[in-house]
Amino acid sequence: QVQLVESGGGLVQPGGSLRLSCAGSGFTFSSYAVGWHRQAPGKQREVVAYISSGGRTNYADFVKGRFTISRDNAKNTVYLQMNSLKPEDTAVYYCKTVLTDWGQGTQVTVSS
């Protein structure tokens, strides 16, 4: 079954850090770009960061300098390291490729 599964979310204080993981299965993971997206309550889903099959990265302006996307193809996993978190980063975070549907996501809550 072709799928991606997100994990690593949680509750963190402002200024804190989290690392999200996106594990792929059922396809040649290393051949595909992966994007992290997020959706906050009452808002549209938006792109956060993207990593190509070759490791090239792009970031939304609102996370540049704070978030880092990376991939470990040996583990079929893409990571999103999130530092200096802000309350406005609170959202459900999803990862996706062109092959996969939207999964359950992982909840990130930034609050004191």
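A short tour of the structure in this document, coming up.

The rules behind each value
- Residues numbered from 1 in each chain as written.
- Predicted model: local features only at pLDDT ≥ 70, side-chain atom pairs only at ≥ 80, totals over all residues.
- Heavy atoms only, no water.
- Helix = DSSP H or I, 4+ residues; strand = E, 2+ residues; numbered from the N terminus.
- Rg over C-alpha atoms; globule rule 2.2 N^0.38 Å.
- Buried < 20%, exposed > 50% of the residue type's maximum accessible area, 1.4 Å probe, protein only.
- Contact = heavy atoms within 4.5 Å.
- Areas by Shrake-Rupley, 256 points an atom, 1.4 Å probe, with all protein chains shown as cover.
- Lys, Arg positive; Asp, Glu negative; His and termini not counted.
- Charge placed at Lys NZ, Arg CZ, Asp CG, Glu CD.
- Polar contact = N/O pair within 3.5 Å; in protein donor to acceptor, adjacent residues only side chain to side chain.
- Salt bridge = Lys/Arg side-chain N within 4 Å of Asp/Glu carboxyl O.

Once that is clear, we can look at the overall build of the protein. Counting its regular elements, the protein contains 0 helices and 10 strands. What you see in the protein, going N to C, is helices and strands ordered as β-β-β-β-β-β-β-β-β-β. Against the 2.2 N^0.38 benchmark of 13 Å for 112 residues, the protein shows a C-alpha radius of gyration of 13 Å, consistent with a compact globule. Projecting the C-alpha coordinates of the protein onto the three principal axes gives extents of approximately 40 × 25 × 20 Å. When each of the 112 residues of the protein is scored for burial, the buried share is 41%. The contacts of the protein with a sequence gap of at least 6 include a subset with a gap of at least 24, amounting to 52%. If you sum the accessible surface of the protein, you get close to 5,900 Å²; carbon and sulfur atoms cover 45% of it. When the 11 basic and 7 acidic side-chain charges of the protein are each reduced to a single mean position, those positions are 3 Å apart.

As for its placement among the helices and strands, Arg 38 is situated in strand E4 (residues 34-39). Using a relative accessible area of 6% as the deciding quantity, one classes Arg 38 as buried. Among the polar contacts made by the side chain of Arg 38, one reaches the side chain of Tyr 93 at a distance of 3.0 Å.

Inspection of the entire model under this criterion finds 4 salt bridges. In this structure, the salt-bridge partner of Asp 89 is Arg 38, at a minimum N-O distance of 2.9 Å. You can see Asp 89 sitting in the loop between strand E8 (77-82) and strand E9 (91-96) and its partner Arg 38 sitting in strand E4, a full 51 residues away along the chain. For Asp 61, the salt bridge goes to Lys 64, with nearest N and O atoms at 3.2 Å. With respect to burial, Asp 61 and Lys 64 carry one shared label: exposed.

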